[in-house]
Amino acid sequence: MSGNPPRKVTGRSFLRLPSARVAIVVLLGIAVLTVFGSTLAPQNPLTINANALFQGPSAHHWLGTDYLGRDVLSRLMAGTRLSVLTALEAVGIGLILGVGPGIATVFLGRWFDFAANRLTDALMTLPYVFFAVAVTAALGNGLVQAMVPVGILLAPFFFRITRAATLEHSRAQYVEAAELMGASKLHVVRVHVLRKVLPTIAVTTASMTAAALLAVSFLTFLGIGVQPPAPTWGGVLSSDLDYLNQAPWAPFIPAALIAITIGALNALADAFRDRRGAGALAAQPDPIIATHSTLEPADDDRQSQVA
Amino acid sequence: MTIDNLKSPDLAAPGLPPTAGAAPDTVSRPAPGTSDLLSLDDLHISVHHGAATAIRGVSLGIRRGEIVGLVGESGSGKTLTCRAALGVLPAGCTIDHGSMTFAGHDLTTLSRRGWEEVHGSHMGAVFQDPASYLNPTITVGHQLAEVLRVKLGLSRRAAHQRSVELLSAVGLHQPEHVFHQIPAELSGGMLQRVMIAIAISCDPELLVADEATTALDVTIQAEIIDLLRRLRDERGLAVLFVSHDLAVVAELCDRVVVFYAGEVVESGPAAEIIERPRHPYTRALLEVASVGDFRRRELRVIAGQPPPVGADITGCRFAGRCPVAADACRTGPIAPVTVGDQHEVRCVRAQEAWSTGELAAR
Amino acid sequence: MTVIGLPHTASRANAAGALPPRRRRSRIVVARLGAGLAVLVPIVLLSSFIAYSLGALSNSDPAATILGQDAATPAAVARLNASLGLNHPLIVQYWNWLTQAVQGNLGRSYFTQIPVAQSIAQRLPVDLSIAVLAVILAVIIGGGAGTIAAVRRGGWFDRTVTAVCSAASTLPAFVVGIILVVLFAVTVHWLPANGYVGPSTSIPQWLEHIILPSLALSLAVSADIARQLRTSLVEVLEQNYIVGARVRGLPYRRILFRHALRNASGPALTILGNDFPLMLAGAVAAEAVFSLPGLGQLLLESAQTRDIPVVQGLLLVVSCFVIVVNLIVNTTLNWLYRTDDGIGA
């Protein structure tokens, strides 16, 4: 892309996007809830109140009550910790298993790369649900163990993206220069490549966290890892489903919470991505006459665009 | 009612086989003797959603069987005019004023259906970069046959056969083989011939050629020009030939229309314009192009730049660069003046005969 | 008027308008296919081994579970273990199981003694119906929305679709399913909220029961397809060859479908192809929300009861199915969109 030279990108520049700012705020809120959810909750998430079943939002219960009269807001706040932490667990596993090989594969020769790629192809298609549930069959009904296969199945994505980014940056001339000067491959990786690849990994991490969170929500929805009466996002959603006739509005609340969090993560990932490409995507000055379809002054340019 | 019946007998096509079948047309063929096939009158076109007026008061006409050349620099408006005549203006361009008629039918208010009929059956077009105007994933033969099947209702077999005939008629060797090639496998010259074949396949009366030879080798250029001339002679095809290459225009065209900065500054018979240009800009163009003068060694240029598109200039738009500009040139709009048979010039000094010396002094 | 097709003379362009086959391009496709097959076997072995060893990892003692607490005397347990083949080393057990599986015998449920293969075969049609219908819906909805959005670019439809697509991507399938249930089943009672009726029983009822789950499943994919198709189509519509087709006098609809969409649908089809195996996972989601008797429910039930053979069988079948489908889809896409410099898409 000709035209403006890439703007110098700083860490602050991506905060210009309004969506990124909203996303950060949302995620900070979630983070706070993860750590302090139970204490911040206005009421005890476990208190049953038989007189206040299926209530809609009110001053006392901001998000209403569930089928046992428990405050929905408190339940969701308290349930944040488990959902978020296990999602992060899966992402961590994926990161560790995927990023290392992703970088290494560029330097370890064609056969390794070919094999790793085919392995990745196959792994990426396996549905995590089956494996997660199967693990609980073997190792007991716990979310911690259920998220391990999720993490393993996230690794291929990390692998693929890291590999692409490494390929892109390892062919730069300064890398070649470094190698010529005698630097070992490891050094090259550590000093040059890693720094350039980190932003891409950050983007991927955000997206994968969204995916992991979705997985957690779904698994808890299915009943994995839920030790009633402890609340989880998916668990709340699931019980809401059982009582749809009494409270048809109820599932929208946890659904909205899940969707907002996932949306914030995706927006963050997009903001990261756009920030890196900000210079190239800067608006080109609009020509007076759109130069598509041989309108002058593109006469000479046309020739260079011959297919 | 076949298409052939409507052609005047002296324009029957001995060289190319008659087209079979006929598409019902709502635009009836003009009776022989009507003067203008395509007529643009006082056309004003604005671009970029009305931000600038790129074409101001352009009027021109083409008769049946006539080859008219549009010349001018890049940005002068000749391509935009063609596009308007073809009904394929880019997004954001509108015709603000003026009219276009084809065989007596108004084109400015033509519906999409109307255009679908006009295109191909009455007006064909070829452009500068033929490869980009063909679908890259489909063989050229299939694209040609498609037009025949859809517009003329030919069966698949008949369309195939006719396509091969057309490809041969435009000068392609091994037309059967070419039929099965995709655009990427053919050279520019061959592709341009294919484009011409497609454009004339339904026997239109007018062919619009927008810089059709600009991107080709000189030898191929000559062949294409020859082909166009042959088509005019054999089929009575009128050609609107847009080019910035005066040498080609001089050789091929019957009449020439010179564009500058969105206006027609001179128009008339080709021979006369080449030998006795009246507008300073035309004279300068001819000098630069050194038409007919291969021995000249110095590079001549026209000093200055054309005005930006849509710029509001009182008076002659060439005045800033004109070697003989006078105050009268800048006071108000310049109306075209007739200086000869069908020869019009938009210049207040057109009637004067300045010497070459005056121009050379600049 | 004319049938979709090409001159019936020996034109080598195929139905997708792809390039004439050149040896080199075909060779790449075949190489990838071979590689995929070569990896298929180890992957299936690996995942089945893991599946099998999960059973071994579990602390549960199947014999004790089957016999029940009281009857689980050491002697009875030992006898049952022997009959179940559980006293061999893991590898041997695994090999026996695998060889049996290849012949179609996946063992029997610990509890119901029903052959695992039978249970799976019984429930597979449910998921398949939903997945296939979901794909069809995704093509129709996503393709339609993307096309209209591109053709009327900048209009209200386009803006709405773009906004909806972004939102739809964040909604997991099961959430969408729940919303659909609320809207169409609980509030207005147009469609059933749960249950399943097989096509052999009654086709209209079958459709009634699977339309909501399929819709739930298809929306996320539709959004992806619509977004991609819109982008590709907008780009294609700006190309010169569309202008070229117009000046030839071809009718608008023909240009849109035969030229524009044909060239623009590549990336969108790739998305569809890649997402198709994911449909199976999504079908589990749909099952959960709509209480459908499919493989997902089977899995959940047998996981709860620690019915290991069923779990192992399911994992094996699902892994194989997904990998094979993926291979087929990828090979087809590679072949359709092969180009001179490798596999384009």
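Residues numbered from 1 in each chain as written. Chains lettered and ligands numbered in written order. Predicted model: local features only at pLDDT ≥ 70, side-chain atom pairs only at ≥ 80, totals over all residues.

### What to know about the overall build of chain B
Argument step 1. The secondary structure content of chain B amounts to 12 helices and 12 strands.
Argument step 2. Scored against the burial criterion, the 362 residues of chain B give a buried share of 49%.
Argument step 3. Restricting the contact set of chain B to residue pairs at least 6 apart, pairs at least 24 apart contribute 66%. (Helix = DSSP H or I, 4+ residues; strand = E, 2+ residues; numbered from the N terminus. Buried ≥ 20, exposed ≤ 12 C-beta atoms within 10 Å, placed from the backbone. Contact = placed C-beta atoms within 7 Å.)

### Regarding the overall build of chain C
Argument step 1. Looking only at helices and strands, one finds 12 helices and 2 strands in chain C.
Argument step 2. The order of helices and strands in chain C, counted from the N terminus, is α-α-α-α-α-α-α-α-α-α-α-α-β-β.
Argument step 3. By sequence separation, contacts in chain C at least 24 residues apart represent 73% of the contacts at least 6 residues apart.

### A closer look at the pairing of strand β4 (residues 94-102) of chain B
Looking along a regular strand, one sees side chains alternate from face to face of the sheet.
All names here are of chain B.
Argument step 1. Strand direction decides the pairing type here: strand β1 (residues 38-47) and β4, joined by 7 bridges, are antiparallel. Across the sheet, His44 pairs through a bridge with His97, a residue of β4.
Argument step 2. In this structure, β4 lies alongside strand β5 (residues 105-106), joined through 2 bridges in antiparallel fashion. Within the sheet, the bridge partner assigned to Thr101 lies in β5 and is Asp106.
Argument step 3. Linking β4 to β5, which pair antiparallel, is a turn of 2 residues; within it Ala103 sits at a positive phi near 50°. (Pairing = 2+ DSSP bridges.)

### Let's talk about the sheet that holds β4(B)
Strands belonging to one sheet form pairs held by backbone hydrogen bonds; the direction of such a pair is parallel or antiparallel.
Residue and element names in this part refer to chain B.
Argument step 1. Read from one edge of the open sheet, 4 strands run β2-β1-β4-β5, paired in antiparallel fashion. The open sheet has two edge strands with one neighbour each: β2 (52-62) and β5.
Argument step 2. Helix α1 (residues 78-86) rests against β1, β2 and β4 of the sheet, and its axis sits at about 115° to β1. (Axes fitted to C-alpha atoms, helices over the stretch in contact; angles between N-to-C directions.)

### Section: helix α4 (residues 90-102) of chain C
Residue and element names in this part refer to chain C.
Argument step 1. Over its 13 residues, α4 extends 18 Å from the first C-alpha to the last, a length consistent with the 18 Å expected when each residue adds 1.5 Å.
Argument step 2. Restricting attention to buried positions, one finds in α4 the residues Tyr94, Trp97 and Ala101. All buried residues of α4 fall inside an arc of 70° around its axis, so they share one side. Opposite the buried face of α4, at more than 90 degrees from it, the exposed residues are Ile91, Val92, Thr99 and Val102.
Argument step 3. Gly104 occupies a position one or two residues after α4 and carries a positive phi of about 100°. (Expected span 1.5 Å × (residues − 1). Arc of directions from axis to C-beta.)

### Quick notes on the pairing of strand β11 (residues 337-340) of chain B
Residues and elements named next belong to chain B.
Argument step 1. Relative to strand β12 (residues 343-345), β11 is paired through 3 bridges, and the arrangement is antiparallel. If you follow Val337 over to β12, its bridge partner there is Val345.
Argument step 2. Taking the residues between adjacent antiparallel strands as the criterion, β11 and β12 are bridged by 2 residues, where Gln342 takes a positive phi near 65°.

### Topic: the interface of chain A and chain C
Argument step 1. With 35 residues of chain A at the contact, the number on the chain C side is 45 residues.
Argument step 2. Residue assignment for the side of chain A that touches chain C shows that the elements contributing at least two residues are α3 (110-125), α4 (128-139), α7 (185-222), α8 (233-242) and α9 (252-276) of chain A.
Argument step 3. It is α4(A) that provides the largest number of residues to the side of chain A that touches chain C, a total of 10 residues.
Argument step 4. When its residues are assigned to classes, the side of chain A that touches chain C shows 26 nonpolar, 8 polar and 1 charged. (Nonpolar A, V, L, I, M, F, W, Y, C, P; charged D, E, K, R; others polar.)

### Some words on the packing of helix α3 (residues 140-152) of chain B against helix α6 (residues 188-200) of chain B
Residue and element names in this part refer to chain B.
Argument step 1. Closest axis-to-axis distance for the α3/α6 pair is 9 Å, and the angle between their directions is 15°. Compared by their axis directions, α3 and α6 come out roughly parallel. The two elements α3 and α6 cross, and the hand of that crossing is right-handed. Here α3 contributes Val140, Gln143, Leu144 and Val147 to the contact with α6, which in turn contributes Val194, Ala197 and Ile198. (Parallel < 35°, antiparallel > 145°, perpendicular 65-115°, else oblique. Left-handed = near helix turned anticlockwise from the far one by under 90°.)

### Description of the nonpolar core
Argument step 1. Judged by nonpolar contacts, the single largest core of 273 residues is most densely connected at Ala134(A), Ala212(A) and Leu240(B).
Argument step 2. Take this core: its biggest share by element is 20 residues, from helix α10 (residues 252-290) of chain C. (Core = buried A, V, L, I, M, F, W, Y, C linked by C-beta atoms within 7 Å.)

### Observations regarding the environment of Ile260(A)
Residues and elements named next belong to chain A.
Argument step 1. Within the fold, Ile260 resides in helix α9.
Argument step 2. Ile260 gets classed as partly exposed once you count the C-beta atoms within 10 Å, which come to 16.
Argument step 3. Sequence-wise, Ile260 and Ser207 are 53 residues apart; in three dimensions their C-alpha atoms are separated by 14 Å.

### A short note on unusual backbone geometry
Argument step 1. A positive phi angle, near 50°, is found at Gln174(B), a position not held by glycine.
Argument step 2. Mapped onto the elements of the fold, Gln174(B) is located in the loop between α4 (156-169) and α5 (175-179).
Argument step 3. The backbone of Ser291(C) sits at a positive phi, close to 50°, despite the residue not being glycine.
Argument step 4. In this structure, Ser291(C) sits in the loop between α10 and α11 (295-304).

### Overview of the confidence of the model for chain C
All names here are of chain C.
Argument step 1. For chain C, per-residue confidence averages 76 on the pLDDT scale, and residues scoring 70 or more make up 82% of the total.
Argument step 2. Per-element averaging of pLDDT across chain C places strand β2 (residues 342-343) at the bottom with 40 and helix α9 (residues 240-247) at the top with 93.
Argument step 3. pLDDT under 50 marks residues 1-21. Its contacts with residues more than four places away, or in other chains, come to 34 contacts.
Argument step 4. The low-confidence segment residues 340-345, where pLDDT is below 50, has 13 contacts with residues more than four positions distant or belonging to other chains.
Argument step 5. At the level of chain-chain contacts, confidence expressed as ipTM amounts to 0.81, with global pTM at 0.75. (pLDDT = per-residue confidence, 0-100.)

### As for the sheet that holds strand β10 (residues 263-269) of chain B
Residues and elements named next belong to chain B.
Argument step 1. Taken together, the 8 strands give an open sheet; going across it, the order is β6-β7-β8-β3-β9-β10-β12-β11, and neighbouring strands pair in mixed fashion. Edge positions in the sheet fall to β6 (123-126) and β11, since each has one partner strand and no second. Taking each pair of neighbouring strands and ignoring which way they run, the sheet shows an average axis angle of 20°.
Argument step 2. Pairing of strand β3 (residues 67-71) with strand β8 (residues 238-243) involves 5 bridges; the strand directions are parallel. Bridge pairing in β8 places Ile67 opposite Val239.
Argument step 3. Along the sheet, α6 makes contact with β6 and β7 (206-210), crossing β6 at roughly 170°.

### Some details on helix α5 (residues 116-151) of chain C
Argument step 1. End to end, α5(C) covers 51 Å across 36 residues, agreeing with the expected 52 Å (1.5 Å per residue, within 8%).
Argument step 2. Along its length, α5(C) shows its largest kink, about 30°, at Arg123(C), and proline Pro125(C) lies within four residues downstream of that point. (Bend = angle between axes of the 7 residues up to and from the residue.)

### Comments concerning the environment of Gly34(C)
Argument step 1. Among the structural elements, Gly34(C) can be located in helix α1 (residues 23-57).
Argument step 2. Taking the C-alpha atoms as reference, Gly34(C) lies 43 Å from Arg152(C); in sequence the two are 118 residues apart.

### Focus: the packing of helix α2 (residues 72-107) of chain A against helix α5 (residues 143-170) of chain A
All names here are of chain A.
Argument step 1. Contact geometry for α2 and α5: axes closest at 5 Å, N-to-C directions at 35°. When you trace α2 past α5, the crossing you get is right-handed.
Argument step 2. Within the contact of α2 with α5, the residues separate by chemical class into 23 nonpolar, 10 polar and 2 charged.

### Digging into the confidence of the model for chain B
Residue and element names in this part refer to chain B.
Argument step 1. In the predicted model, chain B carries a mean pLDDT of 82, and 85% of its residues have values of at least 70.
Argument step 2. Scored below 50 in pLDDT, residues 1-33 shows 47 contacts in the model against residues more than four places distant or in partner chains.
Argument step 3. This stretch, residues 355-362, has a pLDDT under 50; its non-local contacts, to residues over four places away or in other chains, come to 6 contacts.

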